[in-house]
Amino acid sequence: MTDAPAEGGSTDDRDRRAPMARRTFIGYVLAGATLAVAADLRLGTPAHAAVPTAPQIPELFDLEDLQTLAALPTSSLVKIVLDEDGTASFELPRAEVGQGITTSTAMIIAEELDLPLEKVRVTLAPARPELLLNQLTGGSNTTVSTFTPVRVAAAVARKALLEAAALELGTAVELLTAKAGVITAADGASRTYGSLAAKAAGRTVRAVRAELKQASEYTVIGSPRGRADARAAVTGQKQFTMDLQIPDALPTMVCRPPGLNGAPKEVRNAPAVLAMPGVTDVATVGTGVAVRAATFGQCIDAVRALDVDWAPGSVEGESDETILARVRRAELPLAVPKVPLLAKTVEADFTFMFRSSAALEPNCAIADVRADRATVWAGLKSPVVAQGDIARAVGLPPSAVTVHVVTGGGSFGHKLFGDAAIEAATVSQAMGKPVKLMWHRADEPRQGRVHPMATSRIRATHLAGQVLTFEQRHTSVVTDFSHGLGEMITATADRLPTGLGGLTFSETIFTLTQELPYHFGLVTQLLSETDARFNTGSMRNIYSPDVACANELVVDQLARAMGQDPLRFRLAFLRNDRVKAALEKVAEAGRWGRQMPEGTAQGIAVHSEYKGATAVLVEIDCRPGTVGRTVPDAVTGPRVTKAVIAVDAGLVINPKGLEAQMLGGVSDGIALALTSSLHLRDGHFLEASWDNYFYTRQWNTPPEFACIVMPSDSPQPGGAGEAGVAASVAAVACAYARATGTVPTRFPVNHDALSFDVKPFVPPVPASPTDGLHHTY
């Protein structure tokens with residue numbers, strides 16, 4: 001992955017260029033009424049991976065590189081348009097689901113174009129099948145893969161505007177200055193970008209050479225900025241899918257089966273339900289029985305009234321323990337290579353239960369399917385794949401399906417799949433009418449995407465103050481990668497590192513993301529999977545939260561076995577200087593080793609992934625008075641009272657946005673370690689909505705939180721969207737072990753205590769509340 005050669009230059013010339021210097025790139029001025037530009041994105045964003053001693057595969061080529069490489073062939077199809085009002089418009093071929101990429105992308109454009117940030121408008125591109133693999137949002141890759149291409153397009157626009165201004169003002173380009181959307185000549189004469197937009201436009205496509213700014217020239221990139229959509233979000237003006245007003249698209253919900261992946265056989269009372277207030281349609285589809293009504297409240301009433309004969313689900317009679325037994329049977333053996341007879345062994349075995357990846361915004365979509373075409377609106381992170389799936393579901397060619405990508409209210413892996421969009425399309429087709437489909441909160445944990453149950457077994461050997469071997473065998477229920485990452489692996493197979501041939505999609509992604517940053521002798525980390533009957537997905541950070549949690553707990557055990565402090569032990573064995581610097585920073589800021597009352601403790605952990613480094617220090621209170629504290633309608637338990645996270649994400653576009661991502665990552669980590677899981681009993685997941693799925697709530701968040709953004713001399717951004725999760729889970733687990741004197745082996749630690757009354761499975765949703773204000777405080 002290298003830069004495209006400059007016009008007239010050879011590939012050899014390109015390769016001899018110093019990668020950190022100001023670079024010349026090729027872009028295009030496109031034909032159009034106003035200025036439109038594109039980058040030759042074959043240049044991509046190159047990975048500058050140093051080769052350390054005995055590197056693991058992700059240190060040479062990781063999931064970021066895979067996604068960036070897969071996007072390159074169609075990257076020149078993405079363009080920036082300058083309008084006559086002086087605004088720059090850009091359709092980002094990614095999904096905004098709360099991570100702030102529309103803001104950071106606007107900052108990149110504003111920087112390179114010398115345009116005020118408020119004059120840049122970034123929207124989301126609809127599904128564009130011609131982009132192929134260049135329209136998938138995941139793996140913390142958006143900014144990594146788009147940073148240089150977007151800058152090149154903006155720089156080409158800026159150069160075209162300067163050339164147009166030079167003709168207008170009768171001077172040389174070199175004598176002009178561009179600032180805040182205005183080009184000024186030496187004599188003070190000036191032109192706005194808007195006035196030059198049409199003049200700079202091309203009648204034909206032409207190649208343009210443009211230079212990018214040096215990092216020392218940045219005034220926008222690296223400055224903390226509030227989200228461009230923040231005011232709209234908090235004032236209710238921001239448009240999510242359910243806010244859209246599509247003609248005749250009425251509220252629609254689905255009565256779902258009591259068992260996971262069951263199907264309807266017969267509806268016994270359809271005429272009676274059709275006669276209920278507001279109900280317009282009842283239709284049977286593969287996932288259940290859909291009802292369309294004037295309001296969602298009337299939909300809920302109708303769903304509850306339906307009398308349906310259901311076919312069995314895919315996991316009838318199964319429970320946590322029976323699935324765990326299946327996972328155990330699929331475990332690969334640990335096989336320590338030959339080590340000296342006096343070497344000692346540390347072994348550990350951890351279990352991670354099913355978890356819901358539901359976001360705050362329920363699964364939802366709007367669909368209008370006609371005989372010859374279909375139009376769908378939804379928050380989708382892989383819209384091209386969804387477009388194809390919708391086309392197959394309704395029997396239309398993909399070219400007859402239009403998919404509009406709408407800002408999503410969170411994702412956590414959910415929106416990588418087009419489940420709601422496909423279902424909405426099939427319901428619309430069955431009813432012959434537009435529908436505004438929304439899943440009930442109870443539907444998501446019971447029938448939606450879940451993070452797979454997994455075990456992680458580790459065996460490490462040590463002798464004379466050195467770790468000789470570190471083996472990890474991670475075994476999981478199958479993770480579904482049918483959302484586009486699998487296609488990326490297939491498309492780039494001939495360019496993947498040696499050692500990845502013959503692996504499954506899951507094994508390849510595991511290998512490209514797992515990196516142990518310690519000098520632990522011979523290191524092996526292997527994945528095996530089993531049982532594809534569940535609806536699974538890539539919840540935030542995919543495998544890493546479980547893998548890192550297991551690793552760091554064993555690191556603490558190795559330190560204890562070798563008589564060392566956990567911090568000093570890590571610093572002695574870390575082989576990644578960026579990780580080491582982050583760890584030293586959190587230890588200093590968090591006052592590692594300070595005296596703590598009995599029943600409380602500190603924990604530290606590190607993680608390296610996506611060309612970045614993260615370290616976390618937490619303090620936890622496991623004293624009985626804290627564990628047993630009472631909060632109305634809440635699960636409490638141990639509380640993390642302090643969290644300090646240090647993150648090295650390379651070049652940071654928006655520090656404020658990065659800090660928000662890290663706060664979210666720490667909250668995820670606390671939940672995964674302590675409180676949030678699904679319980680499978682008799683073929684059902686018991687949880688139904690957020691009142692009994694215990695994500696981190698206000699009463700469990702740390703009163704003290706600090707995020708330290710590490711300085712970096714990298715010219716490229718690293719992945720940040722998931723960077724805060726894995727080390728946070730691990731640090732909380734390590735702190736819990738030190739506070740209680742017992743190393744936890746099943747996560748979350750409260751899983752064995754069922755702390756809620758299970759809602760009925762028939763009807764599948766509870767009645768609409770009529771006293772909601774009485775439950776606020």
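Residues numbered from 1 in each chain as written. Predicted model: local features only at pLDDT ≥ 70, side-chain atom pairs only at ≥ 80, totals over all residues. Heavy atoms only, no water.

> Teacher, can you tell me more about the nonpolar core here?
Generally speaking, soluble globular proteins have nonpolar side chains that are buried together. In this structure, Phe520, Leu558, Phe569 and Ile620 are the most contacted members of the largest nonpolar core, which totals 74 residues. At 12 residues, the largest contribution of residues to this core is made by helix H21 (residues 725-740). Sequence-distant contacts of Leu558, that is, excluding residues within four places in its chain, are made with Val346, Ala460, His462, Val467, Phe470, Phe520 and Phe569. Counting residues in hydrophobic clusters, the runner-up holds 43 residues, among them Val78, Val122, Ile183 and Val220. (Core = buried A, V, L, I, M, F, W, Y, C linked by side-chain atoms within 4.5 Å. Buried < 20%, exposed > 50% of the residue type's maximum accessible area, 1.4 Å probe, protein only. Helix = DSSP H or I, 4+ residues; strand = E, 2+ residues; numbered from the N terminus. Contact = heavy atoms within 4.5 Å.)

> How should I be thinking about the packing of helix H16 (residues 544-561) against helix H17 (residues 566-573) in this particular structure?
When two helices pack together, you describe them by how their axes are tilted relative to each other and by the distance separating the axes. Two elements in contact, H16 and H17, have axes whose closest approach is 9 Å; the angle formed by their N-to-C orientations is 105°. Looking at the two axes, H16 sits roughly perpendicular to H17. Of H17, the residues touching H16 (which contributes Glu552, Val555, Asp556, Leu558 and Ala559) are Pro566, Phe569 and Arg570. Of the residues contributing to the contact of H16 with H17, the split by class is five nonpolar, no polar and three charged. (Axes fitted to C-alpha atoms, helices over the stretch in contact; angles between N-to-C directions. Parallel < 35°, antiparallel > 145°, perpendicular 65-115°, else oblique. Nonpolar A, V, L, I, M, F, W, Y, C, P; charged D, E, K, R; others polar.)

> Before we go on, may I ask you to explain the sheet that holds strand E25 (residues 600-609) in this structure?
Hydrogen bonds between backbone groups are what pair the strands of a sheet, and the pairing can be parallel or antiparallel. What the four strands build is an open sheet, ordered E25-E26-E27-E30; its pairing is mixed. The open sheet is flanked by E25 and strand E30 (704-709), the only strands paired with a single partner. Within the sheet, the average angular offset between the axes of one strand and its neighbour, ignoring direction, is 10°. Pairing of strand E26 (residues 612-621) with strand E27 (residues 639-648) involves nine bridges; the strand directions are antiparallel. Of the residues in E27, the one forming a bridge with Val618 is Ala643. Each of E25, E26 and E27 touches H21; the most contacted strand, E25, lies at about 150° to it. (Pairing = 2+ DSSP bridges.)

> Just checking my understanding: could you explain the pattern of salt bridges for this structure?
Side-chain pairing between opposite charges can occur once the charged atoms of the two side chains come close. Counted by the stated rule, this structure contains 48 salt bridges. Between Asp114 and Arg158 there is a salt bridge; the shortest N-O distance is 2.7 Å. Of this pair, Asp114 sits in the loop between helix H4 (101-113) and strand E5 (120-124) while Arg158 sits in helix H5 (residues 142-169), placing them 44 residues apart in sequence. The closest approach of N and O atoms between Glu361 and Lys415, which form a salt bridge, is 3.2 Å. (Salt bridge = Lys/Arg side-chain N within 4 Å of Asp/Glu carboxyl O.)

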